[in-house]
Amino acid sequence: MMWSYILKLVILLPLVCGLMIGSLYLWRRLESRMPGKSPTRMIAVRETMMISPSVKLAVVDFEGSRLLVSVGRGGVSLIDKTHARSDIA
(Lines give C-alpha, C1' and ligand atoms only; values in the text may rest on other atoms or scores of the structure.)
Protein backbone atom coordinates (compact mmCIF):
# COMPACT_ATOMS: atom_id res chain seq x y z
CA MET A 1 0.00 0.00 0.00
CA MET A 2 2.72 2.46 0.98
CA TRP A 3 4.89 1.48 -2.01
CA SER A 4 2.14 2.31 -4.47
CA TYR A 5 1.83 5.78 -2.94
CA ILE A 6 5.59 6.36 -3.17
CA LEU A 7 5.65 5.06 -6.74
CA LYS A 8 2.83 7.44 -7.74
CA LEU A 9 4.63 10.30 -6.02
CA VAL A 10 7.91 9.55 -7.81
CA ILE A 11 6.14 9.45 -11.19
CA LEU A 12 3.58 12.24 -10.84
CA LEU A 13 5.68 14.87 -9.01
CA PRO A 14 8.22 15.29 -11.87
CA LEU A 15 5.33 15.23 -14.35
CA VAL A 16 3.53 18.10 -12.59
CA CYS A 17 6.78 20.06 -12.21
CA GLY A 18 7.54 19.56 -15.90
CA LEU A 19 4.07 20.81 -16.85
CA MET A 20 4.57 23.91 -14.70
CA ILE A 21 7.98 24.67 -16.23
CA GLY A 22 6.63 24.06 -19.74
CA SER A 23 3.69 26.39 -19.12
CA LEU A 24 5.99 29.15 -17.87
CA TYR A 25 8.28 28.68 -20.87
CA LEU A 26 5.34 28.95 -23.29
CA TRP A 27 4.00 32.00 -21.46
CA ARG A 28 7.31 33.83 -21.87
CA ARG A 29 7.47 32.96 -25.57
CA LEU A 30 3.87 33.98 -26.28
CA GLU A 31 3.88 37.07 -24.05
CA SER A 32 5.44 39.25 -26.77
CA ARG A 33 2.54 38.40 -29.11
CA MET A 34 -0.13 39.57 -26.66
CA PRO A 35 -2.03 42.81 -27.36
CA GLY A 36 -0.42 45.95 -26.04
CA LYS A 37 3.14 44.70 -26.37
CA SER A 38 3.79 45.62 -30.00
CA PRO A 39 6.09 48.63 -30.61
CA THR A 40 4.25 49.46 -33.85
CA ARG A 41 0.97 50.43 -32.17
CA MET A 42 -0.41 53.90 -32.90
CA ILE A 43 -1.67 54.48 -29.35
CA ALA A 44 0.44 54.24 -26.19
CA VAL A 45 -0.79 54.84 -22.64
CA ARG A 46 2.16 56.46 -20.90
CA GLU A 47 0.81 56.90 -17.38
CA THR A 48 -2.39 56.66 -15.37
CA MET A 49 -3.32 58.10 -12.00
CA MET A 50 -6.40 57.57 -9.83
CA ILE A 51 -8.02 60.84 -8.80
CA SER A 52 -10.96 59.26 -6.98
CA PRO A 53 -12.50 55.78 -6.92
CA SER A 54 -14.49 56.59 -10.07
CA VAL A 55 -12.14 58.98 -11.93
CA LYS A 56 -8.75 58.28 -13.47
CA LEU A 57 -6.38 60.56 -15.44
CA ALA A 58 -4.41 59.05 -18.32
CA VAL A 59 -1.61 60.37 -20.54
CA VAL A 60 -1.95 58.93 -24.05
CA ASP A 61 0.40 59.32 -27.04
CA PHE A 62 -1.36 59.32 -30.42
CA GLU A 63 0.11 60.37 -33.81
CA GLY A 64 2.69 62.76 -32.37
CA SER A 65 0.30 64.30 -29.85
CA ARG A 66 0.18 63.76 -26.13
CA LEU A 67 -3.34 63.74 -24.72
CA LEU A 68 -4.43 64.13 -21.12
CA VAL A 69 -7.81 62.45 -20.68
CA SER A 70 -10.16 61.90 -17.78
CA VAL A 71 -11.77 58.48 -17.58
CA GLY A 72 -14.84 58.04 -15.41
CA ARG A 73 -18.23 56.44 -15.24
CA GLY A 74 -19.64 59.03 -17.64
CA GLY A 75 -17.04 58.29 -20.32
CA VAL A 76 -13.75 59.77 -21.51
CA SER A 77 -13.11 63.53 -21.65
CA LEU A 78 -10.18 65.31 -23.28
CA ILE A 79 -8.53 67.70 -20.82
CA ASP A 80 -5.39 68.87 -22.67
CA LYS A 81 -3.52 68.20 -25.92
CA THR A 82 0.15 68.95 -26.65
CA HIS A 83 2.85 67.80 -29.04
CA ALA A 84 4.67 64.74 -27.74
CA ARG A 85 8.30 65.43 -26.95
CA SER A 86 10.76 62.77 -28.06
CA ASP A 87 13.01 63.23 -24.99
CA ILE A 88 10.33 61.87 -22.62
CA ALA A 89 10.36 58.07 -22.53
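Overview of the structure. (Residues numbered from 1 in each chain as written. Predicted model: local features only at pLDDT ≥ 70, side-chain atom pairs only at ≥ 80, totals over all residues. Heavy atoms only, no water.)

Here we look at a nonpolar patch on the surface
At step 1: A cluster of nonpolar residues, Met2, Trp3, Tyr5, Ile6, Leu7, Leu9, Val10, Ile11, Leu12, Leu13, Leu15 and Leu19, forms a patch on the protein surface that exposes about 1,300 Å² of accessible area.
At step 2: On the basis of relative accessibility, which here comes to 43%, the residue Leu9 falls in the partly exposed class. (Patch = residues over 30% accessible without salt bridge, like charges linked within 9 Å, V, L, I, M, F, W, Y side chains within 5 Å. Areas by Shrake-Rupley, 256 points an atom, 1.4 Å probe, with all protein chains shown as cover. Salt bridge = Lys/Arg side-chain N within 4 Å of Asp/Glu carboxyl O. Buried < 20%, exposed > 50% of the residue type's maximum accessible area, 1.4 Å probe, protein only.)

Observations concerning the sheet that holds strand E3 (residues 65-72)
Either a parallel or an antiparallel arrangement is found when strands of a sheet pair, and the pairing is made through backbone hydrogen bonds.
At step 1: Strand order in the open sheet formed by 4 strands is E1-E2-E3-E4, and the pairing between neighbours is antiparallel. Bordering the open sheet on either side are strand E1 (43-52) and strand E4 (75-83), each of which pairs with just one other strand. For this sheet, the mean inter-axis angle between neighbouring strands, taken without regard to orientation, is 20 degrees.
At step 2: Examined bridge by bridge, E3 and E4 share 8 bridges and lie antiparallel to one another. What sits directly across from Leu68, in E4, is Asp80. (Pairing = 2+ DSSP bridges. Helix = DSSP H or I, 4+ residues; strand = E, 2+ residues; numbered from the N terminus. Axes fitted to C-alpha atoms, helices over the stretch in contact; angles between N-to-C directions.)

Notes on the pattern of salt bridges
If charged atoms from side chains of opposite charge come close, those side chains can pair.
At step 1: Under the counting rule described, the total for this entry stands at 2 salt bridges.
At step 2: Across the pair Arg46 and Asp61 runs a salt bridge, and its minimum N-O distance is 2.6 Å. In this pair, Arg46 sits in strand E1 while Asp61 sits in strand E2 (residues 55-62), placing the two residues 15 residues apart along the sequence.
At step 3: Between Asp61 and Arg66 there is a salt bridge whose closest N-O contact spans 2.7 Å. Comparing Asp61 with Arg66, the two get one shared label, buried.
At step 4: Connected through shared salt-bridge partners, Arg46, Asp61 and Arg66 make up one network.

Side note on unusual backbone geometry
At step 1: Unusually for a residue other than glycine, Glu63 sits at a positive phi of about 45 degrees.
At step 2: By the secondary structure assignment, Glu63 is in the loop between E2 and E3.

Concerning the pairing of E2
At step 1: Sheet topology places E1 next to E2; 8 bridges connect them, and they run antiparallel. Of the residues in E2, the one forming a bridge with Thr48 is Ala58.
At step 2: Counting the residues in the hairpin turn of E1 and E2 gives 2 residues.
At step 3: The antiparallel hairpin formed by E2 and E3 contains 2 residues in its connecting segment, where Glu63 sits at a positive phi of about 45 degrees.

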